[in-house]
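# Observations on chain architecture
These are the residues of each chain, in order.
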Amino acid sequence: MVAAGSRSTSEHSLGRRVRAVAHSMWRMRWMYLLMTPTLIYLLVFKYIPLWNAQIAFKDFKPLLGVTGSPWVGFEHFQTFVNSFYFSQLLTNTIFFSLAKLLLGLPVAIICALALHETVLRRYRTFVQTVIYLPHFLSWVIMFGVLLSILSPGDGLLNQIIERLGGQPIAFMTSPKYFRWVVVFSDIWKETGWSTILYLAALLAINPELYEAAAVDGANAIQRIWHISLPGIVPVIVLVTLLRMGHILEAGFNQIFVLYSVPVYSVGDILDTWVYRQGLLQFKFSLATAVGFFKGVIGLILILVANRVAKRVAQQGLF
Amino acid sequence: MKKWTTLLLVLLIALTSILSACGTSNEPADTTAAEPTAMTEPTAAPEAAAAPEATEVPEPAAAAEPVDISMWALASVTEAGPPADDWIAYDRIRDELGINLHYTIIPPQGDGETKLNAAAAANDLPDLFMIVSTTNDRDNLRTYHDLGLIAPVDDMFAMMPERTKTHYNNPVLIDLDSFDGQAYGLPNPPGITNREGLVIRQDWLDNLGLEAPTTPAELLEVAKAFTFNDPDGNGQDDTYGIGAFIEGSGVGRRFNPIFGAYGVVDLWNFVDAADGNFGLNVRDPQYYEAMKTMIEFTDAGVIDPDWPTLTKDEFRARWKQGRTGIMWEDFAALTNKSNYTPFDDNFPDASWTPLPALTGPGGEHVYGLNEANFSTYAVSQKAADEGKKEAIARLLEWMATDGYYLIGFGEEGVNFNLDEDGYITLDGIDPDLAFNSPAMQPPTQLRGTAFYNTLAEISARYPNYETNNGREMTPIKTYLEFFQSQQWIEGFAKKLIPPPENAADFYRYYDEGILQFALGQKELTPESWAEYLAGLDSLGAVQFEEGARQTLTDAGLLP
């Protein structure tokens, strides 16, 4: 009797919750409708293809298809982990990701803060436009620009070095410099674009806070430190967390265009290796296994980083 | 209610757009322009007597629906786009052959290989396609064969008797496209072989009062003078001795003059193969000596320092701008009128002199490796299963017979004329519409499939002409014949060698190590060289060599 009563109460409670959810959904129906195309996009392009990820554990044969190909367990993962350049590829990949994040993030934030503090509106618009224009250039074009600046023959930078009495430096083909060419060219190209996000967050801060601080005698630095920065912390945390999920994606397009054989030791990353070993050698299962590996590492990192962010900064993604 | 209807309509449109993006298209799509290859020059025609006879092409069933044939092939001119949708050949192929041809240009090198591999992985290869590979066409053909994605083509030869006579008449090439005794590829006749060579700016030599070099040491001295002694006399330090870019394994064949002087061009040692010393060239002590010489050039600063990062286009732009005075170049890329004109406009009094192979300390003077320079078409198993082999054969036969001139040169009377002896001529043709004009490149993109590279045809494709200062340029006589008269090592067998299991890692290690030594990033000592070779061995070099030896011995190519 007690059990029956309990079940009845639980069913009642469940029914009430379902009704509440349904009611809430109905109330927000326009929002859900608005989300539908995006959800369909994610379903079609991100979730349904996951079914094919099983070829990471198979010896994929096109004629047998994804389901018909024979299982080989973790063979491709072992091939990848035991490959000659595994540790070098991983090191290069993580280096590029972290360097771009750790150096690129502060630059973008500083740009956003500087633009936000600028009182000359036209000047701000002009600077904003100029710094995010490189984002729209492809890496192929950027390569040409970089070559004209860094070429040891007649590059602008090397001409300056020579005028100052130095020897020309082969920035693009020297393992000593190549990594920094990659990192700084990425910052140059993407800072302006990243700035938009932080600028939007800054513009969302209640202006009354700045007015109150001004009344209290706060100077510009104090306003930035006590109002602007805390105001954009959630966005900084969000961006950092999302970037952690892509830690093993160091920018295939950029590296593929910029690297050359002499700098493979410091420039070859997981994605470029997958291109050469997986796509060109027709080892799609191996390529998928590496993709799977990257996804799992990214997921673990994003979960860990989210927990850390919640504990340290009281901010999280979910 | 109206609101709901509108919203549903919007959603439906969004959903349709997303799903349509997932679908496939039959449109001939990819027109990606990429690096021009050595074969990007406009071509001309064979003498009429040599032109293939028209055959009786089997009439398509009158009432039958046209057969759809998808065809992927490299462009003849990669900078130009595909034929327009209203290309006359599409109509004629449909009307005369009962075939709806869907021709798609695939990009060269890695991009093309990726595109083909992606289609293969989806079991969606086109009906007829050209093999594209960054390393060895036969490796890719083998992969598709092993996966059961391509069909044997032996039975197709009888379906195209004239084309087989003119195009598929070389049993060695058929063997190179065969597995287990069956042909899986249709090899186009080889293009011009041994067509590259060493050339030097004669006007720079004259300005500085220098003689043409005959040894690597003399080459270095001339290169130094070209770099530091203002050979063009413009008062500026804006020249380099040698221009190059990476093409091929290691430092690439642009440095054949140096490595050839030690008899160690390319990856494999075909020079000493007959003596039982076949293996990787880096095993040969002479390779170490050649590398020491290469480093002397690097240290002297006489090579354009951007060479490891340059593309073929960029390399060519630089010699046309008068930046370099010594190079290894394709004869047509250098001397064909459309390629030479920009250089001629910049430097009307300049000229390039072809040089013989340099002689090394041991008396070696190898010019280069004669590789199997031919392209291969394959037929997908899917097309064979759909019964399209006969239609494909009909199409290829037509391109070699009735459609030969249309595919190769355009329309008679509009794009070319035939003189009274049956030779192709441009007399009476509007230069803007001539078969070798820029406007006619898209409609002749498939000409490589029609041409069969006889001497008569080649001669007509590279005519003599007058330069800006009235000098007669003779591409075939002065350059091609000279290059071909040098010592080339037979390297056809290279195609047969299967790749190492860990090809990407192996080739990376090989190339990277060579480049590091050549650029001075790693000091070359007997110890560091031994260490490099040990690294190669740890990546399976010994097994790679044993496999290569076994393959070539089995094929009767090694003693």
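Residues numbered from 1 in each chain as written. Chains lettered and ligands numbered in written order. Predicted model: local features only at pLDDT ≥ 70, side-chain atom pairs only at ≥ 80, totals over all residues.

### So, the overall build of chain B
Along the backbone of chain B there are 23 helices and 17 strands. Here chain B, with 559 residues, has 47% of them falling under the buried criterion. Contacts in chain B between residues at least 24 apart in sequence constitute 79% of all its contacts with a sequence separation of at least 6. (Helix = DSSP H or I, 4+ residues; strand = E, 2+ residues; numbered from the N terminus. Buried ≥ 20, exposed ≤ 12 C-beta atoms within 10 Å, placed from the backbone. Contact = placed C-beta atoms within 7 Å.)

### Describing the overall build of chain A
Per the secondary structure count, chain A includes 15 helices and 0 strands. Taking 2.2 N^0.38 as the reference for a compact globule, 318 residues should give roughly 20 Å; the C-alpha atoms of chain A span a radius of gyration of 26 Å, well beyond that estimate. Counting only C-alpha atoms, chain A reaches 95 × 70 × 35 Å along its principal axes. (Rg over C-alpha atoms; globule rule 2.2 N^0.38 Å.)

### Quick word on the packing of helix H5 (residues 86-117) of chain A against helix H9 (residues 175-203) of chain A
Residue and element names in this part refer to chain A. Close contact between H5 and H9 brings their axes to 7 Å; oriented N to C, the two are set at 45 degrees. Comparing their axes, H9 and H5 come out oblique. Note that H5 runs across H9; the crossing there is right-handed. Split into classes, the residues belonging to the contact of H5 with H9 amount to 16 nonpolar, 5 polar and 4 charged. (Axes fitted to C-alpha atoms, helices over the stretch in contact; angles between N-to-C directions. Parallel < 35°, antiparallel > 145°, perpendicular 65-115°, else oblique. Left-handed = near helix turned anticlockwise from the far one by under 90°. Nonpolar A, V, L, I, M, F, W, Y, C, P; charged D, E, K, R; others polar.)

### Examining the domain arrangement of chain B
Entries for chain B in the domain assignment read domain 1 (65-191 + 375-461) and domain 2 (196-366 + 487-497). Computed over C-alpha atoms only, the centres of domain 1 of chain B and domain 2 of chain B are separated by 33 Å. (Domains from an automatic or database assignment.)

### Remarks on the confidence of the model for chain B
Residue and element names in this part refer to chain B. Mean pLDDT for chain B: 86, with 89% of residues reaching 70 or above. Segment residues 9-58 is flagged for pLDDT under 50; beyond a separation of four residues in sequence, or across chains, it makes 104 contacts in the model. Reported confidence for the predicted complex is 0.79 by ipTM and 0.80 by pTM. (pLDDT = per-residue confidence, 0-100.)

### Some thoughts on helix H2 (residues 88-97) of chain B
Turn by turn, an α-helix covers 3.6 residues, leaving residues three or four places apart pointing in a common direction. Residues and elements named next belong to chain B. Among all positions in H2, only Ala89, Ile93 and Leu97 are buried. Here the buried residues of H2 occupy an arc of 40 degrees about the axis, which is enough to place them on one side. Away from its buried face by more than 90 degrees, H2 exposes Asp91 and Asp95. Looking at the buried positions of H2, the neighbouring elements they touch are strand E2 (99-106), helix H16 (389-400) and helix H17 (404-409). Positive phi shows up at glycine 98, right after H2, with a value of about 70 degrees. (Arc of directions from axis to C-beta.)

### Things to note about the sheet that holds strand E1 (residues 67-74) of chain B
Residues and elements named next belong to chain B. Here 5 strands make up an open sheet; going across it, the order is E2-E1-E3-E12-E6 and the pairing mixed. What marks the edges here is a single partner per strand, and that holds for E2 and strand E6 (186-187). By the bridge criterion, 3 bridges tie strand E3 (residues 128-130) to strand E12 (residues 376-379) in an arrangement that is antiparallel. When the bridges of E12 are listed, methionine 130 appears paired with tyrosine 377. (Pairing = 2+ DSSP bridges.)

### Describing the interface of chain A and chain B
The partner chain B presents 37 residues to the 33 residues of chain A that form the contact. Contributing elements (two or more residues each) for the side of chain A that touches chain B: helix H2 (29-47), helix H13 (264-267) and helix H14 (270-279) of chain A. With 6 residues, the top contributor of residues to the side of chain A that touches chain B is H2 of chain A. Considered class by class, the residues forming the side of chain A that touches chain B number 22 nonpolar, 9 polar and 2 charged.

### Examining the nonpolar core
Residue and element names in this part refer to chain B. The biggest cluster of nonpolar side chains holds 198 residues, and the ones touching the most others in it are Ile69, Phe129, Ile242, Ala378, Ile392 and Leu395. Apart from residues lying up to four places away in sequence, isoleucine 69 is in contact with Ile99, Asn100, Leu101, His102, Asp127, Leu128, Lys388, Ala391, Ile392 and Leu395. Core analysis: the next-biggest nonpolar cluster, separate from the first, contains 5 residues, Phe409, Phe416, Ile424 and Phe435 among them. (Core = buried A, V, L, I, M, F, W, Y, C linked by C-beta atoms within 7 Å.)

### Focus: the domain arrangement of chain A
Residues and elements named next belong to chain A. For chain A, the assigned domains are domain 1 (1-73) and domain 2 (76-313). Put simply, the middle of domain 1 and the middle of domain 2, counted by C-alpha atoms, are 34 Å apart. Each partner contributes to the interface: domain 1 provides 6 residues, whereas domain 2 provides 6 residues. Class assignment of the residues belonging to the side of domain 1 that touches domain 2 gives a composition of 4 nonpolar, no polar and 2 charged.

### Describing the packing of helix H11 (residues 220-244) of chain A against helix H15 (residues 284-313) of chain A
Two numbers describe a pair of packed helices, the interaxial angle and the distance between the axes. All names here are of chain A. Taken N-terminus to C-terminus, the directions of H11 and H15 make an angle of 160 degrees; their axes are 8 Å apart at the nearest point. Classified by the angle between their axes, H11 and H15 sit roughly antiparallel to one another. In terms of crossing hand, the pair formed by H11 and H15 is right-handed. The segment H11 lies against H15, with Val233, Val237, Leu241 and Met244 engaging Leu301, Ile302, Ala305, Asn306, Ala309 and Ala313. Considered class by class, the residues forming the contact of H11 with H15 number 9 nonpolar, 1 polar and no charged.

### Here's the deal with the sheet that holds strand E9 (residues 324-330) of chain B
All names here are of chain B. An order of E8-E9-E7-E10 is seen for the 4 strands of this open sheet, with the pairing classed as mixed. In the strand order of this sheet, the two ends are held by strand E8 (240-242) and strand E10 (352-355), each with one partner. Adjacent strand axes in the sheet meet at a mean angle of 30 degrees, parallel and antiparallel pairs treated alike. Taken together, the 5 bridges between strand E7 (residues 196-201) and E9 define a ladder with antiparallel strand orientation. Each bridged residue has a counterpart across the sheet, and for glycine 197 the counterpart in E9 is glutamate 329. Taken strand by strand, helix H9 (residues 216-228) contacts E8 and E9, and its axis lies near 150 degrees from that of E8.

### Details of unusual backbone geometry
Of note, phenylalanine 282 of chain A is a non-glycine position whose phi angle comes to about 55 degrees, a positive value. Within the secondary structure, phenylalanine 282 of chain A is located in the loop between H14 and H15. Non-glycine residue asparagine 194 of chain B carries a positive phi angle of around 50 degrees. Relative to the helices and strands, asparagine 194 of chain B is located in the loop between E6 and E7. Residue asparagine 194 of chain B is classed as partly exposed on the basis of its C-beta count, with 19 C-beta atoms lying within 10 Å.

### What to know about the environment of proline 526 of chain B
With respect to the helices and strands, proline 526 of chain B occurs in helix H22 (residues 526-538). The spacing of proline 526 of chain B and threonine 454 of chain B is 72 residues in sequence and 49 Å in space, taken between C-alpha atoms.

### Some words on helix H20 (residues 475-484) of chain B
Residues and elements named next belong to chain B. Taken as a whole, H20 has its buried residues at Pro475, Ile476, Tyr479, Leu480 and Phe483. The arc enclosing the buried residues of H20, seen along the axis, measures out at 115 degrees, which places them on a common side. Tucked into the core, H20 has its buried residues touching E7, helix H13 (331-335), E10, helix H19 (455-461) and strand E16 (472-473).

### Structural notes on the environment of asparagine 188 of chain B
All names here are of chain B. Along the chain, asparagine 188 turns up in the loop between E6 and E7. Of the residues examined, asparagine 188 has 20 C-beta atoms within 10 Å and is grouped as buried. Residues asparagine 188 and glycine 448, 260 residues apart in the sequence, show an inter-C-alpha distance of 8.3 Å. With near-sequence residues (within four places) excluded, asparagine 188 lies in contact with His167, Phe374, Ser375, Gly448 and Thr449.

### What to know about the environment of lysine 337 of chain B
Residue and element names in this part refer to chain B. Residue position: lysine 337 is located in helix H14 (residues 337-346). By the C-beta count within 10 Å, which is 18 here, lysine 337 ends up partly exposed. Spatially, the C-alpha atoms of lysine 337 and alanine 493 are 34 Å apart, while their sequence positions differ by 156 residues.

### Observations concerning the confidence of the model for chain A
Summing up the model confidence of chain A, the mean pLDDT is 90 and the portion of residues at 70 or higher is 97%. Across chain A, element-level confidence peaks in helix H4 (residues 75-81) of chain A with a mean pLDDT of 95 and bottoms out in helix H1 (residues 2-27) of chain A with 78.

### Focus: the pairing of E2 of chain B
All names here are of chain B. In the sheet, E1 pairs with E2 via 8 bridges, with the strands oriented parallel. Each residue of the ladder has a partner; that of tryptophan 72, found in E2, is threonine 104. Following the backbone out of E1, through H2 and into the adjacent parallel E2, one traces a crossover that is right-handed. (Right-handed = clockwise from strand over helix to strand, strands pointing away.)

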